[in-house]
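Summary of the model geometry
So the chains spell out like this:
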Amino acid sequence: MTDTQRSPGPFDLAGRTALVTGSSRGIGAALALALADAGATVVVHGRDAERAAAAAARIADGAGRQTFTETFDVTDAEQVDAGIGRIVETVGPLDILVNNAGLQRRAPITEFTDDDWNDLLATNVTSAFLLSRRVARDWIADTWRQPQRKIINIGSVQSRLGRAGIAPYSATKGAIAMLTRGLAADLAPHNIGVNALAPGYFATELTSALVADAEFSAWVAKRTPAGRWGELSDLAGPVVFLAAPASDFVQGQVLFVDGGMTAVV
Ligand code: NDP
């Protein structure tokens, strides 16, 4: 290496391309912004093209951040294959995949419908399998490409904790924790980092009913050692860490970003 060349800094994502599924709003949009701020070119994604384009424009916001948009349904294998193919063709090879798209359904278990169960599994788990399989096929073909490529799955405090009324959602987030560990075993030998980021409670469309429930909202703050709900900016450092060379020897871990909620009873 000459004096003028340098290896990327531990948190430097310049020259890297990231896809964040479900980044047209909420947590995904915050993760996309954080990765773009660290220098990555970011593909903003959802099912609704207009919403994705608006989010991409907000993230770019004249600040020199590089964004593209892509729309496909993460539950559909053919759409996933075609969508990743379009990204590779138009933006270039992906280096970072964040499996963030997800949904929540709440009901007492006796009233939980088959459709809701199937939607939860498809959107929260099958999607991560389909997307990870698709990028792994490309990435394994050139194993020792540097820097390390990364898959970041989005779990939840429900990857560890059970709570009444959302057992099927908890099952999907538990599955994400184990998918992460298994994929790390499969992909670490190919210089691919696989970890999960597991948020506590954050105010988004997904949690709007909880935010509106004053009693529940107060319970979240009380149950969290940090004494509050998460702010979307709390996720920026952790996602950049998991996407960057700083985490190259971290494999199969679930990083809880929850103000300590899962650390205490
Ligand atoms: P939102 O409902 O605010 O956003 C969900 C995103 O996923 C949207 O961009 C939506 O885009 C996209 N999406 C949903 N279904 C599909 C699909 N089938 N195909 C493609 N895109 C889809 O959710 P949050 O931001 O709150 O949650 C993001 C992730 O974080 C989820 O995995 C969730 O489980 C997890 N999480 C959230 C917590 C919170 O407190 N909010 C806590 C812990 C984990 P579009 O509608 O355009 O398709």
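Residues numbered from 1 in each chain as written. Predicted model: local features only at pLDDT ≥ 70, side-chain atom pairs only at ≥ 80, totals over all residues.

The protein chain carries the name SDR family oxidoreductase in an unreviewed UniProt entry, which gives Nakamurella aerolata as its organism. For the protein chain, the Sequence similarities (unreviewed entry) comment in UniProt is given as "Belongs to the short-chain dehydrogenases/reductases (SDR) family." (UniProt positions renumbered as here; feature names shortened; annotations may be inferred.)

Quick look at the overall build of the protein chain now. When helices and strands are tallied, the protein chain shows 8 helices and 7 strands. Counting only C-alpha atoms, the protein chain reaches 60 × 40 × 40 Å along its principal axes. Here the protein chain holds 265 residues, and 43% of them are scored as buried. Long-range contacts, defined as pairs at least 24 residues apart, comprise 73% of the intrachain contacts of the protein chain with a sequence gap of at least 6. (Helix = DSSP H or I, 4+ residues; strand = E, 2+ residues; numbered from the N terminus. Buried ≥ 20, exposed ≤ 12 C-beta atoms within 10 Å, placed from the backbone. Contact = placed C-beta atoms within 7 Å.)

Here the focus is the site of the ligand. The ligand sits among 28 residues. The nearest are Gly 22, Gly 26, Gly 46, Arg 47 and Gly 102. When residues of the shell around the ligand are assigned to their parent elements, the largest contribution, 3 residues, is made by helix 1 (residues 26-37). (Near = placed C-beta within 6 Å.)

Another point: unusual backbone geometry. If you check the backbone angles, Asp 61 has positive phi at about 45 degrees while not being a glycine. Residue placement: Asp 61 occurs in the loop between helix 2 (49-60) and strand 3 (67-71). A positive phi angle is found at Asn 191, which is not glycine, with a value near 60 degrees. Tracing the backbone shows Asn 191 in the loop between helix 5 (167-187) and strand 6 (192-199).

Taking 1.5 Å of rise per residue, 12 residues should cover 16 Å, and helix 2 covers 16 Å from first to last C-alpha, within 8% of that figure. Residues Ala 52, Ala 55, Ala 56 and Ile 59 constitute the buried set of helix 2. Buried residues of helix 2 fall within an arc of 100 degrees about the axis and therefore sit on the same side. Looking one or two residues beyond helix 2, the residue adopting positive phi is Asp 61, at roughly 45 degrees. (Expected span 1.5 Å × (residues − 1). Arc of directions from axis to C-beta.)

Ala 18, Leu 31, Ala 32, Leu 35, Val 42, Val 239 and Ala 243 are the most contacted members of the largest nonpolar core, which totals 63 residues. Element by element, the count of residues in this core is highest for helix 1, at 9 residues. Dropping the residues within four chain positions of it, Leu 31 is found in contact with Val 20, Ser 23, Val 98, Asn 100, Leu 235 and Val 239. (Core = buried A, V, L, I, M, F, W, Y, C linked by C-beta atoms within 7 Å.)

Taken together, 7 strands build an open sheet; the order of strands is 3-2-1-4-5-6-7 and the sheet is parallel. Looking at the sheet topology across the chains shown, the edges are occupied by strand 3 and strand 7 (254-257). Neighbour-to-neighbour, the strand axes of this sheet turn through a mean angle of 20 degrees, independent of strand direction. Here strand 1 (residues 17-20) pairs with strand 4 (residues 96-99) via 3 bridges, running parallel. (Pairing = 2+ DSSP bridges. Axes fitted to C-alpha atoms, helices over the stretch in contact; angles between N-to-C directions.)

Looking along a regular strand, one sees side chains alternate from face to face of the sheet. Summarising burial for strand 5 (residues 149-154): 6 of the 6 residues are buried, a large majority. Side chains of strand 5 alternate between two faces, with Arg 149, Ile 151 and Asn 153 and Lys 150, Ile 152 and Ile 154 buried alike. Two elements, strand 4 and strand 5, share 4 bridges in a ladder whose sense is parallel. By the bridge assignment, Val 98 is partnered in strand 5 with Ile 152. As judged from the 6 bridges shared by strand 5 and strand 6, these two strands associate in the parallel manner. From the neighbouring strand, Ile 151 faces strand 6, where its bridge partner is Val 194. With helix 5 bridging strand 5 and its parallel neighbour strand 6, the resulting β-α-β unit is right-handed. (Right-handed = clockwise from strand over helix to strand, strands pointing away.)

Here we take up the environment of Ala 175. Locating Ala 175 in the fold gives a position in helix 5. Note: C-alpha distance between Ala 175 and Arg 105 (70 residues apart in sequence) is 16 Å.

Let's shift gears to the packing of helix 4 (residues 114-141) against helix 5. Packing of helix 4 against helix 5 brings their axes to within 9 Å, and their N-to-C directions diverge by 15 degrees. Between helix 4 and helix 5, the interaxial angle falls into the category roughly parallel. At the point where helix 4 passes helix 5, the crossing takes the right-handed sense. Residues Trp 117, Leu 120, Leu 121, Asn 124, Val 125, Ala 128, Phe 129, Ser 132 and Ala 136 of helix 4 form the contact with helix 5, whose participating residues are Pro 168, Tyr 169, Thr 172, Lys 173, Ala 175, Ile 176, Leu 179, Leu 183 and Leu 187. Partitioned by chemical class, the residues of the contact of helix 4 with helix 5 number 14 nonpolar, 3 polar and 1 charged. (Parallel < 35°, antiparallel > 145°, perpendicular 65-115°, else oblique. Left-handed = near helix turned anticlockwise from the far one by under 90°. Nonpolar A, V, L, I, M, F, W, Y, C, P; charged D, E, K, R; others polar.)

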